[in-house]
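# Analysis of the macromolecular model
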Amino acid sequence: MVVFLLTACGASVSAGPDAVVAGFYPLAFAAEEVAPGVPVENLTPPGAEPHDLELSPIDAASVRDARLVLLLGQGFQPQLEDAAGEGDNVLHLLDTAGLDLLPNGDPHVWLDPVRYAKIVERIGEALDAEQAASRLVARLQELDADYHEGLATCERHEIVTSHEAFAYLAQGYGLEQIPITGLSPEAEPQPADLARVVDLVDERGVTTIYYETLVSPRIAETVARETGAETAVLDPIEGLTPAEIANGEDYFTRMRANLRALEEGLGCH
Ligand SMILES: [Zn+2]
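Residues numbered from 1 in each chain as written. Predicted model: local features only at pLDDT ≥ 70, side-chain atom pairs only at ≥ 80, totals over all residues. Heavy atoms only, no water.

## Considerations on the overall build of the protein
Formally: Note on conventions: DSSP H or I runs of at least 4 residues are helices, E runs of at least 2 residues are strands, and numbering of each starts at the N terminus. All radius of gyration figures rest on C-alpha atoms, and the globule criterion is 2.2 Å times the number of residues raised to 0.38. Think of it in three bands: with a 1.4 Å probe and only protein chains considered, a residue is buried below 20% of the maximum accessible area for its type, exposed above 50%, and partly exposed in between. Should any heavy atoms of two residues lie within 4.5 Å, those residues are counted as being in contact.
Looking only at helices and strands, the protein features 12 helices and 8 strands. Relative to its length of 269 residues, the protein is compact, with a C-alpha radius of gyration of 20 Å against a globular reference of 18 Å. In terms of overall dimensions, the protein has C-alpha extents of about 65 × 45 × 35 Å along its principal axes. Across the 269 residues of the protein, 52% fall into the buried class. For the protein, restricting intrachain contacts to residue pairs at least 6 apart in sequence, the fraction spanning at least 24 positions comes to 61%.

Given below as structure tokens:
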């Protein structure tokens, strides 16, 4: 009897066979934009950080039952990748979107609007929504043009970041990323790494240390204090906070906020 109840309960709360299930915000946003009306479930809760997402049994049922599972792959969310396996309903975007991947293992491809546009196209194909996908791609091309224009003439080009998430953004617009910690935001910097970053900040005249919204700014603040630099938010757009959602923010508003933060911190004009 208990077993029956648990099973019935699990079945009734999975997102269901019509749903698209996405590992984290940028994939969920793309699906929502290209296929309005299709139920989209983001497995990473608002305000949570998607690296090393842990799935509940309900999430695992949603992944199993979904019409389409969108995940980045290559170890960005290992538990989701294990649960999804190689099922027919699973789309591994790093492997199938025709992206030109950097060799450093950085998964944060969506921070480059050009590569994110390829992900959008791939999701559009999978959902039979190519026309809506091309409208979203056009908005991304406009965003890319604004980045090129906004970052064309700057006094500095180094971005010191608390989380090594901006290699694709840096490559797209001629910036140099100086990360304080590693590819996963939870990594703790060693004292020698901190000392190296502090030296670089002094040497290059960096004025702004960037930190992100979903993890503590403590490390960025330490570097800022030791160098006299200021701190500012550079959002890796891995998820929106509840406050951002309440303000109607989305990928585009966060990308444009990042552009303003870069223009200010790098002295662009
Ligand atoms: Zn990240």
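## Some words on the packing of helix α2 (residues 25-34) against helix α7 (residues 130-150)
In plain terms, the rule: Orientation is described by lines fitted to C-alpha atoms, with helices fitted over the stretch in contact, and by angles between N-to-C directions that extend from 0 to 180 degrees. Here the word oblique covers every angle except those under 35 degrees (roughly parallel), over 145 (roughly antiparallel) and from 65 to 115 (roughly perpendicular). Three classes are used: nonpolar for Ala, Val, Leu, Ile, Met, Phe, Trp, Tyr, Cys and Pro, charged for Asp, Glu, Lys and Arg, and polar for all others, with Gly counted as polar.
Interaxial distance between α2 and α7 falls to 8 Å at its minimum, and their mutual angle equals 125°. Here α2 is positioned oblique relative to α7, judged by the angle of their axes. On the side of α2, the interface is formed by Ala30, Glu33 and Val34, while α7 contributes Ala132, Ala133, Leu136 and Arg139. The residue makeup of the contact of α2 with α7, split by class, is 5 nonpolar, no polar and 2 charged.

## Digging into the sheet that holds strand β4 (residues 90-92)
Hydrogen bonds between backbone groups are what pair the strands of a sheet, and the pairing can be parallel or antiparallel. To be explicit about the condition: Pairing between two strands is assigned when DSSP locates at least 2 bridges connecting them.
On the basis of which strands lie adjacent, the open sheet formed by 4 strands has the order β2-β1-β3-β4 and parallel pairing. Of all strands in the sheet, those bounded by a partner on one side alone are β2 (40-42) and β4. Taken over all neighbouring pairs, the strand axes of this sheet differ in orientation by 20° on average, direction set aside. Summarising the sheet, strand β1 (residues 20-22) and β2 pair through 3 bridges and their orientation is parallel. Counterpart to Val21 in the pairing with β2 is Glu41. In the packing of α2 onto the sheet, contacts are made with β1, β2 and β3 (68-71), and the angle to β2 comes to roughly 170°.

## Here's the deal with the sheet that holds strand β8 (residues 230-233)
The parallel open sheet is built from 4 strands, whose spatial order is β6-β5-β7-β8. Edge positions in the sheet fall to β6 (176-179) and β8, since each of these pairs with one other strand and no more. With direction set aside, neighbouring strand axes in the sheet form an average angle of 35°. By the bridge criterion, 4 bridges tie strand β7 (residues 208-211) to β8 in an arrangement that is parallel. Counterpart to Thr208 in the pairing with β8 is Glu230. Contacts from helix α9 (residues 191-204) reach β5 (158-161), β6 and β7, with the element oriented near 140° to β6. On top of the sheet, helix α12 (residues 251-266) reaches β5, β7 and β8; it is set at about 160° to β7, its chief contact.

## Quick look at the domain arrangement of the protein
Here is the rule: Reported domain spans reflect what an automatic or database domain assignment gives. The term salt bridge refers to a side-chain nitrogen of Lys or Arg lying within 4 Å of a carboxyl oxygen of Asp or Glu. Distance and chemistry together define a polar contact, namely a pair of N or O atoms within 3.5 Å, with one atom able to donate a hydrogen and the other to accept it when in protein, and with adjacent residues in sequence counting only for side-chain atoms on both sides.
Splitting the protein by domain gives domain 1 (16-148) and domain 2 (154-266). The distance between the C-alpha centroids of domain 1 and domain 2 comes to 24 Å. Facing the 34 residues of domain 1 at the interface are 33 residues of domain 2. On inspection of domain 1 and its partner domain 2, the count reaches 1 salt bridge. Counting across the interface, domain 1 meets domain 2 through 15 residue pairs in polar contact (both at pLDDT 80 or more). Elements with a contribution of two residues or more to the side of domain 1 that touches domain 2: α2, α6 (113-126) and α7. Take the side of domain 1 that touches domain 2: its biggest share by element is 9 residues, from α7. Broken down by class, the residue content of the side of domain 1 that touches domain 2 amounts to 19 nonpolar, 6 polar and 9 charged.

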